[in-house]
Amino acid sequence: MSTSKNVRKDMNEFWKAHSTEATLNEMMLDSNAQQLSPIDLQEVLELIPNIQDKSILELGAGIGRFTSELCKKSKQVVAVDFMENFITTNRINNKNATNLQLICADVMNLEFTESRFDIIFSNWLFMYLNDNDIKMLTSRLLKWLKPGGQFFFRESCYGQSGNIKKTANPTLYRSPLKYNDLITDVTVSTQYSSKIGFELLWSKPMETYIQYKNNRNQICWLLQVTERGGKDQTFQQFLDKTIFNENSIKFYQRVYGEDFVDCGGHVTNEKISAFLQVHRGSRVLDVGCGVGGNATYMAKQFGADVTAIDLSANLIELAREKNAMESKLHFMVADASKVDYPGDSYDVIHSCDTLFYNSDKDGMIKKFWKWLRSGGEILLIDRCCSDDVAMVTNDHNTHMITIGRYERLLKENGFTDVSCADITSELIKSLQDDLNRFNHNSPSYSNKDNVHNEILTKLQETLQKCSDGVQVWGLFFARK
């Protein structure tokens, strides 16, 4: 990686050459910017947190295409860019904004007091910084934000998105996973906490670029300042670094098939066909989608439009790679307990082997009720405990409830036509068949990290728990 000084020098020269006229085309580095910008702008405004009466720091503000909108509702906007031509145009474009402060400066030279801003907004900035500068700037953003403050940013990943040819392009195109690691690994101490860091709420491709440029590499994120306490990592980091790291995922796919990272994937597809009214154009939300096996089935088999979410960024990255050409599949890194969608958004909600990680089942079912349209259907398959004594376990932060408790929660939250079933025997058979097939096909399979031995031990423990009647698998269907 180049030194910070060299990168800043290259970027400065690059933007001096691309800011001479301070136009929208120059800002977006795209000859179709006039047509693309209004649609892109509207999408971003719908994604960012509520800015009403908030204090906002906008980094990489440019000529002000977002600045103007941010000023309309917020209490204060501090907009920063390091190109004087851009700041001059921004000032002209927003001359009537009394709540705007414009600063021409390199972001690495900024200084603000702690806890000054509610929201920090950045559009195409980090791809012009090297890794060390991103980490350093992230540590400062954490301090500048108020407790619980949020950070929205968008970057071009993997390669250039604009169509304006450049004689030299010093931009650092990273993968979404790299950005996740760079930003969420940073922790700092402040006057109000001994350790804070960013927690990923969600990350997704920009639909505008998919629709108009067939480009899925424009990625945006929303993160929130959270106290880490004695924890070194968030649950999302734990998933990606432990349960669903690269080696683990490969092994799960060897056991269950390339479309799944848990047992019973094909059983679940059969249940989807049997229970749900999914058809062409159905709007489906798949919660805890893994690498996309069930989501892909619903999109290809029925022509449904599927939004598939998972908290593991590693799984979503693989799901996107496997389904890059599928226009009906929309993969999103998201914490289902923290993400939100408008009411009446979906015809069907499906979730398999996911909710047992969530301690607030009632809160999740309330969300499902809100997100479903009237007449919409829900199908949940989840690991359950056999009695209330085993309701909470400390095994990987799992929180199981009984099948009966699930049924009561669905009814208490207004769902009708509720039906429940114990499908443990079906999934035990599926898991045992997967293990037998794996042992037959890969008798000498080895992994230098011995990840497979630990996973196989846990799978055998799952089989034993089910045999002992401690753990069961429940299926739950209901209608709004």
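Coordinates for the structure precede this section.
Keep in mind it's a predicted model, so treat the numbers as computed, not measured.

Before going further, it helps to examine unusual backbone geometry. Look at tryptophan 124: it is not a glycine, yet its phi comes out positive at around 60°. Mapped onto the elements of the fold, tryptophan 124 is located in the loop between β4 (117–123) and α6 (131–144). In this model, aspartate 353 sits at a positive phi of 50°, which is unusual for a non-glycine residue. With respect to the helices and strands, aspartate 353 occurs in the loop between β12 (346–352) and α14 (361–371).

It is worth spelling out the packing of aromatic side chains at this point. This model, assessed by the stated rule, comprises 25 aromatic pairs. With centroids separated by 5.0 Å and ring planes inclined at 85°, the aromatic side chains of tyrosine 341 and tryptophan 371 adopt a geometry described as edge-to-face. Of this pair, tyrosine 341 sits in the loop between β11 (329–334) and β12 while tryptophan 371 sits in helix α14, and the two are 30 residues apart along the sequence. Tryptophan 371 matches tyrosine 341 in its accessibility class, with the two residues each being buried. Ring pairs connect the aromatic residues Phe126, Phe151, Phe153, Tyr179, Phe198 and Trp221, which therefore count as one cluster. Sitting over the face of the ring of tryptophan 369, lysine 480 holds its NZ or CZ atom 4.9 Å from the ring centroid.

This paragraph deals with the pairing of β12. Counting buried positions along β12 gives seven out of seven residues, so the element sits mostly inside the fold. Handedness of the crossover joining β12 and strand β13 (residues 372–385) through α14: right-handed.

What follows deals with helix α10 (residues 246–256). Think of an α-helix as turning once every 3.6 residues; residues three or four places apart then point the same way. Along α10, the positions that sit buried rather than exposed are Ser248, Ile249, Phe251, Tyr252, Gln253, Val255 and Tyr256. Looking at the packing, one finds that the buried side of α10 touches α9 (235–243), α13 (313–322), α16 (424–441) and α17 (451–467). The residue sitting at the N-terminus of α10 and contributing the capping side-chain oxygen is asparagine 245; that oxygen lies 3.2 Å from the backbone nitrogen of asparagine 247. Immediately beyond the C-terminal end of α10, within one or two residues, lies glycine 257, with a positive phi of roughly 105°.

Using the criterion set out here, one finds 29 salt bridges in the structure. Ionic pairing is found between aspartate 185 and lysine 241, a salt bridge with its closest N-O pair at 2.9 Å. Residue aspartate 185 is located in the loop between α7 (176–184) and β6 (187–188), and its partner lysine 241 is located in helix α9; the two are separated by 56 residues in the primary sequence. The class of lysine 241 is partly exposed, set by a relative accessible area of 41%. With a closest N to O distance of 3.4 Å, arginine 383 and aspartate 353 form a salt bridge. Within this pair, whereas arginine 383 is found in strand β13, its partner aspartate 353 is found in the loop between β12 and α14, the two being separated by 30 residues in sequence. Take aspartate 353: its relative accessible area is 8%, and that puts it in the buried class.

A few words now on the nonpolar core. Formed by 145 residues in total, the largest nonpolar core has its most connected members in Phe126, Trp202 and Phe368. Setting aside residues up to four positions removed in sequence, tryptophan 202 forms contacts with Leu47, Phe152, Cys220, Trp221, Leu222, Met332, Val333, Ala334 and Val339.

What counts as what
- Residues numbered from 1 in each chain as written.
- Predicted model: local features only at pLDDT ≥ 70, side-chain atom pairs only at ≥ 80, totals over all residues.
- Heavy atoms only, no water.
- Helix = DSSP H or I, 4+ residues; strand = E, 2+ residues; numbered from the N terminus.
- Phe/Tyr/Trp six-rings, centres within 6.5 Å; stacked < 30°, edge-to-face > 60°.
- Buried < 20%, exposed > 50% of the residue type's maximum accessible area, 1.4 Å probe, protein only.
- Lys NZ or Arg CZ within 6 Å of the ring centre and 35° of its normal.
- Right-handed = clockwise from strand over helix to strand, strands pointing away.
- Contact = heavy atoms within 4.5 Å.
- Polar contact = N/O pair within 3.5 Å; in protein donor to acceptor, adjacent residues only side chain to side chain.
- Salt bridge = Lys/Arg side-chain N within 4 Å of Asp/Glu carboxyl O.
- Core = buried A, V, L, I, M, F, W, Y, C linked by side-chain atoms within 4.5 Å.

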